[in-house]
Every structure is written in structure tokens, then in C-alpha cells.
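Spelled out from the first residue to the last, the chains are:
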Amino acid sequence: MNQRAGGRGRPSGTDGSDFSYRMVVDSRYTKVAKAKYRLAKLIFAQAVTQLMIAANVFISLSKKESRDRVSVSSLAIGLVSILAGELGRKRSRSNFLKFYVFGSSMAILLPVAYLAMSNLSLEAFQNFTSLETLKIAAVLLGFVVQFFVIGTTISLIKNMAPPKRAC
């Protein structure tokens, strides 16, 4: 081993003087990597909100209350869209990501519209043990997370697209 290292010195081109010829990673690749990382956290936050809504549905079913069709449909749409978003994020599929943005938006807008049209009383906000409070908290958290999801996913899709060529 000493014989190979001794006497020959450093091969030409590796002393750092060739930096201008080396390839540079395009900034959009680093933007894609950062957006994918951020989107993974946001998908996890959406999964937590979906679990909160699912807990609300299961508790209301165990109390023999009427089934909330809006929450059940929101859960189904949310689950499918989260799976599509995770596949789109991992495999860089823009069609899956577009479906994810649309589906997750519908999954959160359904309960938002239902809560807006229902007659909520102030007792739900004052009584922190009620199911309505859990539902309201889950929907509001999901609504806030959805704004970040839309921005991050649009940025990710835009940076995943190949750059436009100048004519």
C-alpha cells in the first residue's frame, strides 16, 4: 500500500483547480427534495386530522348516535387522497399529486361546509369534553394544514416539471 502512495503525488485534475468544469446540481432539484420532505410532514399532519375525525365517528357510533355521513365520506376521500399523495411524493408523479391536492381539499371542505351550515352552539366551545369540540378542532386543524399542502404541492409540481426551453 505504501508503494502505491509514495512518490507519485496527486493525479492531475484533483487538486481543486478543475472546479469550473465540475457539474453543479440545478437548484430545482434541491427545491424538489425540500418540498418532498415538507410534504411528508404535511401528509402526516393530515393523517392525524383524519384519525381525529375517525375517532369522532367511532365514538359517536359506540354511543348509538346517528351516523354522520359527511364525516364518513370525508374519511374515505381523505384516505384515498393521502395514499395518492404519498405515492406521488415518493415516485414523483405529478398526476397523483394533483389528485391528492384535489381530493384532500374536498375531504376537508366537506366537513367545513357541514359545520358552517349546522347550528353550532357556544356550548360546544365551552364544554371541552364533547364530541363536537373534537370534530371542530380536527376540521380547523385540517383546514389550516390544507393551505400549506396546496402551496407545497403546487411548488413541488412546478419544480418537478422539466425547464422550459428558450426558442
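Residues numbered from 1 in each chain as written. Predicted model: local features only at pLDDT ≥ 70, side-chain atom pairs only at ≥ 80, totals over all residues. Heavy atoms only, no water.

**Considerations on empty space enclosed by the protein**
No. 1: Counted according to the given criterion, the structure contains 1 cavity of 30 Å³ or more.
No. 2: Considering only residue class, the lining of the largest cavity consists of 3 nonpolar, 8 polar and no charged. (1 Å grid on protein atoms, 1.4 Å probe; cavity = no way out; pocket = protein on both sides within 12 Å on 5 of 7 lines; lining within 4 Å. Points joined across faces, edges and corners; volume = space filled by probe spheres on them. Nonpolar A, V, L, I, M, F, W, Y, C, P; charged D, E, K, R; others polar.)

**A word on the confidence of the model for the chain**
No. 1: For the chain, mean pLDDT is 83; residues scoring 70 or higher make up 77% of the total.
No. 2: Within the chain, the lowest mean pLDDT, 50, falls on helix H1 (residues 2-5), and the highest, 94, falls on helix H3 (residues 69-91). (pLDDT = per-residue confidence, 0-100. Helix = DSSP H or I, 4+ residues; strand = E, 2+ residues; numbered from the N terminus.)

**Points about a nonpolar patch on the surface**
No. 1: A cluster of nonpolar residues, Ile77, Phe102, Met106, Leu109 and Leu110, forms a patch on the protein surface that exposes about 410 Å² of accessible area.
No. 2: In terms of residue count, the dominant contributor to the nonpolar patch is helix H4 (residues 94-117) (4 residues).
No. 3: Relative to the assigned elements, Phe102 resides in helix H4. (Patch = residues over 30% accessible without salt bridge, like charges linked within 9 Å, V, L, I, M, F, W, Y side chains within 5 Å. Areas by Shrake-Rupley, 256 points an atom, 1.4 Å probe, with all protein chains shown as cover. Salt bridge = Lys/Arg side-chain N within 4 Å of Asp/Glu carboxyl O.)

**What to know about helix H2 (residues 27-62)**
No. 1: The first and last C-alpha atoms of H2 sit 52 Å apart over 36 residues, in line with the 52 Å expected at 1.5 Å per residue.
No. 2: At the C-terminal side of H2, Lys64 shows a positive phi close to 60°. (Expected span 1.5 Å × (residues − 1).)

**What about the nonpolar core?**
No. 1: Core analysis: the largest hydrophobic core is formed by 14 residues, its most contacted members being Leu39, Ile43, Leu97, Tyr100, Val149, Leu156 and Met160.
No. 2: Put simply, the parts of the chain that give this core at least two residues each are H2, H4 and helix H6 (131-160).
No. 3: Not counting residues within four places of it along the chain, the set of residues in contact with Leu39 comprises Arg89, Leu97, Tyr100, Thr152, Thr153 and Leu156. (Core = buried A, V, L, I, M, F, W, Y, C linked by side-chain atoms within 4.5 Å. Buried < 20%, exposed > 50% of the residue type's maximum accessible area, 1.4 Å probe, protein only. Contact = heavy atoms within 4.5 Å.)

**Comments concerning the packing of aromatic side chains**
No. 1: A complete count under the given rule lists 1 aromatic pair for this structure.
No. 2: The cationic tip of Arg28 hangs over the ring face of Tyr29; the distance from NZ or CZ to the ring centre is 4.8 Å. (Phe/Tyr/Trp six-rings, centres within 6.5 Å; stacked < 30°, edge-to-face > 60°. Lys NZ or Arg CZ within 6 Å of the ring centre and 35° of its normal.)

**Examining the UniProt feature "transmembrane region" (unreviewed entry) in the chain**
No. 1: This chain's UniProt record puts "transmembrane region" (unreviewed entry) on residues 39-58, 70-87, 99-116 and 136-157.
No. 2: Counted over residues 39-58, helix gives 100% and strand 0%. Its end C-alpha atoms are 28 Å apart.
No. 3: Between the first and last C-alpha atoms of residues 70-87 the distance is 26 Å; the span itself is 100% helix and 0% strand. (UniProt positions renumbered as here; feature names shortened; annotations may be inferred.)

**Examining the packing of H2 against H6**
No. 1: For the pair H2 and H6, the least separation of the axes is 8 Å and the interaxial angle reads 160°. Considering their axes alone, H2 and H6 lie roughly antiparallel with respect to each other. Here the hand of the crossing between H2 and H6 comes out left-handed.
No. 2: A class-by-class count of the residues in the contact of H2 with H6 yields 18 nonpolar, 9 polar and 5 charged. (Axes fitted to C-alpha atoms, helices over the stretch in contact; angles between N-to-C directions. Parallel < 35°, antiparallel > 145°, perpendicular 65-115°, else oblique. Left-handed = near helix turned anticlockwise from the far one by under 90°.)

**Digging into the pattern of salt bridges**
No. 1: Following the criterion strictly, the structure yields 2 salt bridges and no others.
No. 2: Residues Arg89 and Glu86 are paired through a salt bridge, measuring 2.5 Å at the closest nitrogen-oxygen approach. One end of the pair, Arg89, and the other, Glu86, are both in helix H3, 3 residues apart, so they sit about a helical turn from each other.
No. 3: Between Glu86 and Lys90 there is a salt bridge, and its shortest N-O distance comes to 3.9 Å.

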